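Analysis of the macromolecular model
Each chain, letter by letter, is given below.
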Amino acid sequence: MTDPIIQVENLHKSYLMGKEAVPALRGVSIDVARGEMLCLMGPSGSGKTTLLNLLGGLDEPSRGHISIDGENVVAMKEEQLARLRLRKLGFVFQTFNLLNNFTAFENVEAPMVLSGQFRRKARKERVAMLMEQVGLSDRMDHYPSELSGGQQQRVAIARALANDPPIIIGDEMTGDLDSETGFEVMRLVRRLNQEQGKTVIFVTHDPRMAEFSDRVINMLDGKIHTETTQRMGE
Ligand SMILES: Nc1ncnc2c1ncn2[C@@H]1O[C@H](COP(=O)(O)OP(=O)(O)OP(=O)(O)O)[C@@H](O)[C@H]1O
Ligand SMILES: [Mg+2]
């Protein structure tokens, strides 16, 4: 593969439960092309979330190598990892994880305040632009509790885009949504992939959502079980 934006090599992860090591990943290697939309599937406990957490530097592998946009993640200290997460990765979760005491606008603005990448005026303009991109210009001053699930997830997507990261990581981002709302969210993410070249890695249990991807990797017992290319280069 030419120019992979994510390279994972022989990744292993065991969690320590008391004295016992529980293996979660047992030698996973994946290259993700720049601009690819990759779907991870597989039964509960097969290691999908573990893999996403390792990619985002949220946890440390037992062994193996990860590089993100040319940077060696495994060697990074916490401060460098925090910077990597802010600048290179946008996370979208199943349960939205918005800050409940912040408006939609403030939720989207927060990662920009943290990164310091934009000055105040540019930041405000950017939040408005992102809210428009996700179709919520008329909901900027709403609190999460005043938004539907699909709207909350779109705010979470705008937040993931705040610092213009090249990569979006989604863990069951449609899992808590009804199927029509889930489709809307997937269409939005696919549009960001196709129009803005965002690289996307997402986990789903729903084969209908998997169809939005270029490639599906099926995991089983901490390993890659099968891999299906759907329409790479479309
Ligand atoms: N913090 C932890 N401590 C101990 N074991 C863990 C921990 N997190 C995950 N595991 C174990 O690692 C394995 C992989 O879990 P993981 O959460 O990655 O699965 P998953 O594929 O995301 O499953 P699901 O589809 O249910 O979300 C499982 O056997 C799980 O029990
Ligand atoms: Mg999971």
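Read on for a plain summary of the structure. Just so it is clear, the structure is predicted and the values come from calculations on it, not from any experiment.

Moving on: the side chain of Asp171. Turning to its location among the elements, Asp171 is positioned in strand β7 (residues 167–171). For the buried residue Asp171, which engages in no salt bridge, the nearest side chain bearing the opposite charge is Lys48, 7.0 Å off. Not counting residues up to four positions away in its chain, the partners in contact with Asp171 are Thr49, Leu52, Val92, Phe93, Gln94 and Val203.

With that settled, the discussion passes to the sheet that holds β7. Judged by pairing direction, the sheet is mixed, and its 6 strands sit side by side in the order β6-β7-β8-β3-β9-β10 without closing on themselves. Because the sheet does not close on itself, it has two edges, and the strands there are β6 (89–93) and β10 (223–229). The mean inter-strand angle of the sheet, taken between neighbouring strand axes irrespective of direction, is 15°. In terms of strand pairing, strand β3 (residues 37–41) meets strand β9 (residues 215–220) through 4 bridges, oriented parallel. The partner of Met41 across the bridge, within β9, is Asn218. Sitting on the sheet, helix α6 (residues 179–196) touches β3, β7 and β8 (199–203), and the angle it makes with β3 is about 140°.

Under the counting rule described, the total for this entry stands at 16 salt bridges. With a closest N to O distance of 3.4 Å, Asp69 and Lys88 form a salt bridge. Of this pair, Asp69 sits in the loop between β4 (63–68) and β5 (71–72) while Lys88 sits in helix α2 (residues 78–88), placing them 19 residues apart in sequence. A residue is classified by how much of its surface remains accessible, and Lys88, at 18% relative accessible area, is buried. In this structure, Glu109 and Arg123 form a salt bridge, with 3.0 Å as the shortest nitrogen-oxygen distance. Note that Glu109 is positioned in helix α3 (residues 104–115) and Arg123 in helix α4 (residues 120–133), a separation of 14 residues in sequence. For the residue pair Glu109 and Arg123, the accessibility class agrees, reading buried in each case. One continuous salt-bridge network, built from bridges that share partners, spans Asp3, Arg34, Asp69, Glu71 and Lys88.

Another point: the pairing of β4. In terms of strand pairing, strand β1 (residues 4–17) meets β4 through 5 bridges, oriented antiparallel. Within β4, the residue paired with Ile6 across the bridge is Ile68. Following β4, the chain reverses through 2 residues before pairing antiparallel with β5; Asp69 in that reversal takes a positive phi of roughly 50°.

On to the sheet that holds β1. As summarised here, the arrangement of the 4 strands in space is β2-β1-β4-β5, forming an open sheet in which the pairing is antiparallel. Both edges of this open sheet fall to β2 (20–33) and β5, since each of them pairs with a single strand only. In this sheet, β2 lies alongside β1 in antiparallel orientation, the contact comprising 11 bridges. The residue of β2 that forms the bridge with Ser14 is Pro23. Each of β1, β2 and β4 is contacted by helix α1 (residues 48–55), which is oriented at about 120° to β1, the strand it contacts most.

With that settled, the discussion passes to the nonpolar core. Among the nonpolar cores identified, the biggest contains 38 residues, and Met37, Val108, Met131, Val155, Ile157, Met186 and Phe202 are the most heavily contacted of them. Breaking this core down by element, the ones donating at least two residues are β3, α3, α4, α5 (149–160), α6, β8 and α7 (207–210). With 6 residues, the top contributor of residues to this core is α6.

The rules behind each value
Residues numbered from 1 in each chain as written. Chains lettered and ligands numbered in written order. Predicted model: local features only at pLDDT ≥ 70, side-chain atom pairs only at ≥ 80, totals over all residues. Heavy atoms only, no water. Helix = DSSP H or I, 4+ residues; strand = E, 2+ residues; numbered from the N terminus. Buried < 20%, exposed > 50% of the residue type's maximum accessible area, 1.4 Å probe, protein only. Lys, Arg positive; Asp, Glu negative; His and termini not counted. Salt bridge = Lys/Arg side-chain N within 4 Å of Asp/Glu carboxyl O. Contact = heavy atoms within 4.5 Å. Pairing = 2+ DSSP bridges. Axes fitted to C-alpha atoms, helices over the stretch in contact; angles between N-to-C directions. Core = buried A, V, L, I, M, F, W, Y, C linked by side-chain atoms within 4.5 Å.

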